[in-house]
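So you can see what is in the structure, the chains are spelled out below.
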Amino acid sequence: MDHRWSDMSEIIAEQEPLALHTTFGLGGPARWLAAPRSVEEAGRLVDRCREEDIRVYVLGLGANLLVCDDGVDGLVLRLNHHAFRQVEWPPLDGLRGSKVVVTAGAGADMHRFVLESVRRGLAGLEGLAGIPGTLGGIVRMNAGGRWGQIADVVREVTVVDEGGRSRRLTLEEVGFSYRSSRLGKAVVCEVKLELTMDDPAQVRRRFMDIWSQKSHVQPLGQPSAGCVFKNPPGHSAGRLIEQAGLKGHSIGGAHVSHVHANFIVAQEGATAGDVFALIGLIQSEVARRFAIELELEVKVWGRRHARSLESVA
Ligand SMILES: Cc1cc2nc3c(=O)[nH]c(=O)nc-3n(C[C@H](O)[C@H](O)[C@H](O)COP(=O)(O)OP(=O)(O)OC[C@H]3O[C@@H](n4cnc5c(N)ncnc54)[C@H](O)[C@@H]3O)c2cc1C
């Protein structure tokens, strides 16, 4: 182990393949992958990286990530220790319509969290049915869609800032916007959400309805990172790609889904390079036909491909 991490070697793996940690199943290794056991330990790692001029990446479930085939030269933080996956449910003795505050760790699996809130008859998260991720990644991305977004229920976010210090951020400081936030390099550690007591049968019905609609219009069971592009104002990125004649198009193992044209699916033997090439083709075709620049919603890790993307965009 590199001497810089000798005091933290038990929580750090070297050259860890990120393909194992992304829903695309693509991407080369992280130079270091660290799994801190507390907020304080996360802060120490961030601070050490600042001192040593090492770039920090934060990994959730990897459901919105495209990692280049060469991997990343930096330290990837993964908050999957159980200390970051706890959810504190308050006692529910209020009336229908009353608000409750739930405190959860950033590593909490969103699917389980949503299911548990539905089971308890708490409304507010059912609109996120079918969106894979950790709570931290969901907040960073302000994930959501037609049925709501996480910003609707977040009340406070605790982060480790660039200097390694723990800070509580107000909603204004979090700065939610469409599929984004102003969190920048802050590491989300804990989130307070405000949910509403409702009739459990009704919350469950809404959840099932949303889940069923999504499973018909998205290739949920295939390796992807969700929607690749943001919807340009007034347009649907999926429809533009379809109108450009690219639905079902493939480059190598990367394939524009037949189910939803804004999803690229990684087929057997795909590389991140294939996905980047397909992204470049889509961007140039949509720009040529409709004079619209498609902006990436997926986050790209790795310098080499970020450059090649700029050159094709
Ligand atoms: C099948 C499928 C369907 C999807 N459907 C939707 C959808 O309907 N709506 C939608 O919005 N998205 C959707 N997505 C995309 C994805 O689910 C969301 O973007 C989600 O927020 C990703 O969370 P994650 O934990 O996997 O984050 P990651 O992919 O691991 O990371 C995404 C970004 O968040 C940052 N991040 C992760 N954790 C933290 C943290 N603790 N602190 C600070 N930054 C952090 C990362 O550094 C990165 O910049 C879908 C993806 C898939 C595969």
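A quick note: this is a predicted structure, and the numbers were derived from the prediction, not measured.

J.: So what's going on with the packing of helix α2 (residues 110–119) against helix α5 (residues 200–217)? Residues and values would help.
T.: The N-to-C vectors of α2 and α5 enclose an angle of 145°; their axes lie 8 Å apart at closest approach. In this structure, α2 contributes H111, V114, L115, V118 and R119 to the contact, and α5 contributes P200, V203, R204, F207 and W211. Residues that form the contact of α2 with α5 fall into these classes: seven nonpolar, one polar and two charged.

J.: Any chance you could break down the sheet that holds strand β16 (residues 264–266) for me, citing the residues and the numbers?
T.: Sheet architecture is open: three strands sit in the order β14-β15-β16, paired in antiparallel fashion. Each edge of the sheet is formed by a strand with only one pairing partner; in this case those strands are β14 (250–251) and β16. Where strand β15 (residues 254–256) lies against β16, three bridges are found, and the strand directions are antiparallel. The residue bridging H255 from the neighbouring strand is V265, located in β16. With respect to the sheet, helix α7 (residues 272–290) is in contact with β14, β15 and β16, its orientation differing from that of β15 by roughly 35°.

J.: Describe the sheet that holds strand β3 (residues 56–59), and please don't skip the residues or the numbers.
T.: Spatial ordering of the open sheet is given by β1-β2-β5-β3, a layout of four strands whose pairing is mixed. Every other strand in the sheet has two partners, leaving β1 (12–17) and β3 as the edge strands with one partner each. Averaged over all pairs of adjacent strands, the angle between strand axes in this sheet comes to 35°, irrespective of strand direction. Two strands pair when backbone bridges link them, and strand β2 (residues 29–34) and strand β5 (residues 72–78) are joined in this way by four bridges, in the parallel orientation. Paired with L33 across the two strands is V76, which belongs to β5. Along the sheet, helix α1 (residues 39–52) makes contact with β1, β2, β3 and β5, crossing β5 at roughly 165°.

J.: Lay out the pairing of strand β12 (residues 166–169) in plain terms, naming residues and giving numbers.
T.: Consecutive residues of a regular strand have side chains that alternate between opposite faces of the sheet. Here strand β11 (residues 154–160) pairs with β12 via four bridges, running antiparallel. Of the residues in β12, the one forming a bridge with V157 is L169. Hairpin remark: β11 followed by β12, antiparallel, with five residues in the connecting loop; positive phi at G164, about 85°.

J.: Lay out the pattern of salt bridges in plain terms, naming residues and giving numbers.
T.: A side chain with one charge can pair with a side chain of the opposite charge if their charged atoms come near. Counting across every chain of the model gives 21 salt bridges. For E173, the salt bridge is made with R167, and the minimal N-O distance between the two is 3.3 Å. Under the relative-accessibility criterion, E173 is labelled partly exposed at 35%. The residue E242 makes a salt bridge to K247 at a minimum N-O spacing of 3.7 Å. Several salt bridges share partner residues, and in doing so they unite E10, R37, E40, E41 and R44 into one network.

J.: An account of the packing of aromatic side chains is requested, with residue identities and associated values reported.
T.: Scanning the entire structure with this criterion turns up four aromatic pairs. Where W89 meets F113, the ring centres are 5.5 Å apart and the plane angle is 65°; that geometry is what we call edge-to-face. Taken together, the residues span a long stretch of sequence, with W89 in the loop between β6 (87–88) and β7 (99–105) and F113 in helix α2 at a distance of 24 residues. In terms of burial, W89 and F113 fall into one category: buried. Their ring planes at 20° and their centres at 6.4 Å tell us that F207 and W211 sit as a pair that is stacked. Pair noted here: F207 and W211 are both in helix α5, with a separation of four residues, about one helical turn. Taking the relative accessible area as the measure of exposure, F207 reaches 7% and is therefore buried. Judged by its relative accessible area of 32%, W211 falls in the partly exposed class.

Calculation criteria
Residues numbered from 1 in each chain as written. Predicted model: local features only at pLDDT ≥ 70, side-chain atom pairs only at ≥ 80, totals over all residues. Heavy atoms only, no water. Axes fitted to C-alpha atoms, helices over the stretch in contact; angles between N-to-C directions. Helix = DSSP H or I, 4+ residues; strand = E, 2+ residues; numbered from the N terminus. Contact = heavy atoms within 4.5 Å. Nonpolar A, V, L, I, M, F, W, Y, C, P; charged D, E, K, R; others polar. Pairing = 2+ DSSP bridges. Salt bridge = Lys/Arg side-chain N within 4 Å of Asp/Glu carboxyl O. Buried < 20%, exposed > 50% of the residue type's maximum accessible area, 1.4 Å probe, protein only. Phe/Tyr/Trp six-rings, centres within 6.5 Å; stacked < 30°, edge-to-face > 60°.

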